[in-house]
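Geometric and topological summary
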Amino acid sequence: MSDTVKLAAEVLQGHRASIDRLDAILVYTLGERFKHTQAVGKLKAEHDLPPSDPTREADQIARLEDLAKRADLDPEFAKKFLNFIIAEVIQHHKHHADNT
Ligand SMILES: C=C(O[C@@H]1C=C(C(=O)O)C=C[C@H]1O)C(=O)O
């Protein structure tokens, strides 16, 4: 293995170690977010509130698009990602509503 290939392998290993730590942060962050959304789902079910709140969702999408632009992240990707998470949360809320 040439010195350049060895150096590239070390650089790759460094990036992958950082990616692994960041993925752990993402998973723990999502876990914490879902703890709060589950509590919101129970609260909504107990008070007969609708599972989805489109006004709140639109505010969040706008906020996340703005944050994404400032963080050099594709705002369309940020929007798709948040919509994906919100869709899952709404399913949880419907489940709470059906079982309360
Ligand atoms: C968590 C809530 O319920 C739903 C899920 C949302 C979310 O995951 O951020 C936002 C709005 C609601 O459609 C809420 O109303 O705050």
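Here the residue index of a chain counts from 1 through its sequence in written order. Restriction of local features to residues with pLDDT of at least 70 applies here, the model being predicted, together with a cutoff of 80 or more for giving and counting side-chain atom pairs; totals for whole chains, interfaces and linings are based on all residues. As a rule here, side-chain values cover all heavy atoms of the structure and leave hydrogens and water aside.

As annotated in an unreviewed UniProt entry, the protein chain carries the name chorismate mutase and comes from Sulfitobacter undariae.

Turning next to the overall build of the protein chain. A count of helices and strands for the protein chain gives 3 helices and 0 strands. As a reference, a globule follows 2.2 Å times the number of residues to the power 0.38, and the radius of gyration itself is taken over C-alpha atoms. By the compact-globule yardstick of 13 Å for 100 residues, the protein chain is too spread out, its C-alpha radius of gyration being 19 Å. With respect to the principal axes defined by its C-alpha atoms, the protein chain has extents near 65 × 25 × 15 Å. Residues counted as buried form 17% of the 100 residues belonging to the protein chain. For this analysis, residues touch if any pair of their heavy atoms sits within 4.5 Å. Of all intrachain contacts in the protein chain linking residues separated by at least 6 positions in sequence, the fraction that spans at least 24 positions is 66%. In short, Shrake-Rupley with a 1.4 Å probe defines the accessible areas, and a residue's cover is counted only from the protein chains shown. About 8,000 Å² of surface is accessible on the protein chain, with carbon and sulfur atoms providing 60% of the total. In this charge count, Lys and Arg are treated as positive and Asp and Glu as negative; neither His nor the chain ends contribute. We put the charge of a Lys on NZ, of an Arg on CZ, of an Asp on CG and of a Glu on CD. With 14 positive and 17 negative side-chain charges, the protein chain shows a separation of 1 Å between the mean positions of the two kinds. Helix and strand labels come from DSSP, where a helix needs a run of H or I of at least four residues and a strand needs a run of E of at least two; each type is numbered from the N terminus. Three exposure classes are used, based on accessible area relative to the maximum for each residue type with a 1.4 Å probe and protein chains only: buried under 20%, partly exposed in between, and exposed over 50%.

Our focus in this paragraph is the site of the ligand. Note on terminology: near, applied to a residue and a molecule or strand, indicates that one of the residue's heavy atoms is within 4 Å of it. Near the ligand you find 14 residues, and of these Arg 33, Lys 44, Asp 53, Glu 57 and Gln 60 are the closest. In protein, a polar contact means a hydrogen-donor-capable atom and an acceptor-capable atom, both N or O and within 3.5 Å, with residues adjacent in sequence counting only if both atoms are side-chain atoms; elsewhere, any N or O pair within 3.5 Å suffices. One of the side-chain nitrogen or oxygen atoms of Lys 44 is found 2.7 Å away from an oxygen atom of the ligand. At 2.4 Å from an oxygen atom of the ligand is found a side-chain nitrogen or oxygen belonging to Glu 57. The protein chains hide 91% of the 360 Å² of surface that the ligand would expose on its own. The way it works is a 1 Å grid over only the protein atoms, where trapped points that fit a 1.4 Å probe form a cavity and open points with protein on both sides within 12 Å along at least five of seven lines form a pocket, and then any residue with an atom within 4 Å of a point lines it. For a molecule to be placed in a cavity or pocket, more than half of its atoms must lie within 2 Å of the grid points of that cavity or pocket. In this structure the site holding the ligand corresponds to the second largest pocket.

UniProt positions are given in the numbering used here, feature names are shortened, and annotations may be inferred rather than shown by experiment. Under the UniProt annotation, the feature "domain: Chorismate mutase" (unreviewed entry) is placed at residues 6-97. The distance separating the terminal C-alpha atoms of residues 6-97 is 57 Å; by composition the span is 88% helix and 0% strand.

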